[in-house]
Amino acid sequence: MSIENKFKTKLLSQAGLSHADHKSRLAEYCHKAKITAEVQGAIAVISDFVENRSYLYSGSFGECIGISSYIEFESAFEDILFSLIDPKDLLDRHVLELRFIELIKSLPHEKRNDFIQSSKLNLKFEGHIFPIIHQTRYLEITSNGNINIGLCTYMPIGICRNIDFDGKIINLTTGENVGSDLLDSIGNNILSLREKEVLTLLSKGMSSKQISSQLFISLNTVYRHRQNILTHLNVANTAEAVKIGLKMGLI
């Protein structure tokens, strides 16, 4: 299972009991997504994590890469777009989204809708590369922190694809970026100190038995830490965990 598929499973499994007006909210957000796509020429996708469905609305940009003006998927994820995005960009997006979700969980319920995730992705279609701005906002979040409805938008940008553009999390009530120090702190708290020690030793190629001896803990405890690491980082195997750990500065 790829990093992206593992992340999808995590989002679907965490979706909680929906609000009483979940369906009416969903219809309202779909209407707004349709308008966004039409006015900005963008692609807008509403994801319903409760029912595992998504609704894609495509403006003029979507049409130029062969995507119909409206598609309904029996999945909460727009794989038709993910398949066109550079794998390195998907990895960067995964790291940013881990931090984004951890930030949301740390906020009071009334402030959880105030933030949006924004990053630059390179989308490839028929030999052409389109730099786009990809944004994610979670629209329905329960009091327990469960994410039920999300919005993703994809919009072309007029900058060179070789220009670096670090992903940001933006406070929509102030227009300010969440500081890198806070994001690093949030990301650093995804794993416990012991889990980071285990991950660091795994990155050096050590076996579970060697880690058990090195840290003076039982083999079963090592296995438990390894499983927790995969769960917290939303990855399927140790190689992916090490890759994400290096990217996030956990190792």
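Caption draft 1: Structural view of the nonpolar core. In terms of nonpolar packing, the biggest core is built from 36 residues, with I43, L56, I65, L81, Y138, Y154 and I169 touching the most fellow members. When residues of this core are traced back to their parent elements, those giving at least two are strand 1 (43–48), strand 3 (70–73), helix 4 (79–82), helix 5 (87–106), strand 4 (115–125), strand 5 (128–141), strand 6 (147–156) and helix 6 (180–188). Here this core takes six residues from helix 5, the largest share from any one element. Once you skip the residues sitting within four places of it in the chain, Y154 turns out to touch A42, I43, V45, F61, E78, L81, F82, I85, I132, I133 and H134.

Caption draft 2: Region of the structure containing the packing of helix 5 against helix 10 (residues 238–248). Here helix 5 crosses helix 10 at 70°, and the two axes come no closer than 11 Å. Judged by the inter-axis angle, helix 5 sits roughly perpendicular to helix 10. Crossing handedness for the pair helix 5 and helix 10: right-handed. Here helix 5 contributes K88, L91, D92, H94, V95, L98 and R99 to the contact with helix 10, which in turn contributes K243, I244, K247 and M248.

Caption draft 3: Just the sheet that holds strand 8 (residues 176–177), in detail. The strand order across the open sheet built from eight strands is 3-2-1-6-5-4-7-8, with neighbouring strands paired in antiparallel fashion. Lying at the two open borders of the sheet, with one neighbouring strand each, are strand 3 and strand 8. Relative to strand 8, strand 7 (residues 168–171) runs antiparallel, the two being bridged by two bridges. Bridging across to strand 8, I170 finds its partner in N177.

Caption draft 4: Region of the structure containing the confidence of the model for the protein chain. Of all residues in the protein chain, 89% have pLDDT values of 70 or greater, and the mean over the chain is 88. Element-level pLDDT for the protein chain is lowest in helix 1 (residues 3–14), with a mean of 58, against a maximum mean of 97 in helix 7 (residues 193–203).

Caption draft 5: Structural detail: the pairing of strand 1. With respect to burial, strand 1 is a largely interior element, six of its six residues being buried. Pairing geometry for strand 1 and strand 2 (residues 53–58), over six bridges, is antiparallel. The partner of S47 across the bridge, within strand 2, is S54. A loop of four residues connects strand 1 with strand 2, the two strands running antiparallel in sequence, and N52 in this loop sits at a positive phi of about 55°. The sheet contact formed by strand 1 and strand 6 spans six bridges and is antiparallel. Within strand 6, the residue paired with A44 across the bridge is T153.

Caption draft 6: Broad picture of the pattern of salt bridges. The final tally for this structure, using the stated rule, is eleven salt bridges. Note that D92 and K247 form a salt bridge whose closest N and O atoms lie 2.7 Å from each other. With D92 in helix 5 and K247 in helix 10, this pair connects stretches of sequence that are 155 residues apart. When salt bridges that share partners are traced, they join K88, D92 and K247 into one network.

Caption draft 7: Layout of the side chain of S54. Within the secondary structure, S54 sits in strand 2. Polar contacts involving the side chain of S54 include one to the main-chain carbonyl oxygen of S75, which spans 2.7 Å.

Caption draft 8: Representation of the packing of aromatic side chains. According to the stated counting rule, one finds four aromatic pairs in the structure shown. On the basis of an interplanar angle of 45° and a centroid distance of 5.1 Å, the ring pair of Y57 and Y70 is categorised as tilted. Pair noted here: Y57 is in strand 2 and Y70 is in strand 3, with a separation of 13 residues, a long-range link. Y70 sits in the partly exposed class, given a relative accessible area of 39%.

Caption draft 9: Molecular detail of the packing of helix 7 against helix 9 (residues 219–233). Between helix 7 and helix 9, whose axes approach to 10 Å, the crossing angle comes to 95°. It follows from the interaxial angle that helix 7 and helix 9 lie roughly perpendicular. Taken together, the residues of helix 9 that come into contact with helix 7 (itself represented by R194, E195, V198, L199 and L202) are H225, R226, N228, I229, H232 and L233. Classifying every residue of the contact of helix 7 with helix 9 by side-chain character gives five nonpolar, three polar and three charged.

Conventions used here
- Residues numbered from 1 in each chain as written.
- Predicted model: local features only at pLDDT ≥ 70, side-chain atom pairs only at ≥ 80, totals over all residues.
- Heavy atoms only, no water.
- Core = buried A, V, L, I, M, F, W, Y, C linked by side-chain atoms within 4.5 Å.
- Buried < 20%, exposed > 50% of the residue type's maximum accessible area, 1.4 Å probe, protein only.
- Helix = DSSP H or I, 4+ residues; strand = E, 2+ residues; numbered from the N terminus.
- Contact = heavy atoms within 4.5 Å.
- Axes fitted to C-alpha atoms, helices over the stretch in contact; angles between N-to-C directions.
- Parallel < 35°, antiparallel > 145°, perpendicular 65-115°, else oblique.
- Left-handed = near helix turned anticlockwise from the far one by under 90°.
- Pairing = 2+ DSSP bridges.
- pLDDT = per-residue confidence, 0-100.
- Salt bridge = Lys/Arg side-chain N within 4 Å of Asp/Glu carboxyl O.
- Polar contact = N/O pair within 3.5 Å; in protein donor to acceptor, adjacent residues only side chain to side chain.
- Phe/Tyr/Trp six-rings, centres within 6.5 Å; stacked < 30°, edge-to-face > 60°.
- Nonpolar A, V, L, I, M, F, W, Y, C, P; charged D, E, K, R; others polar.

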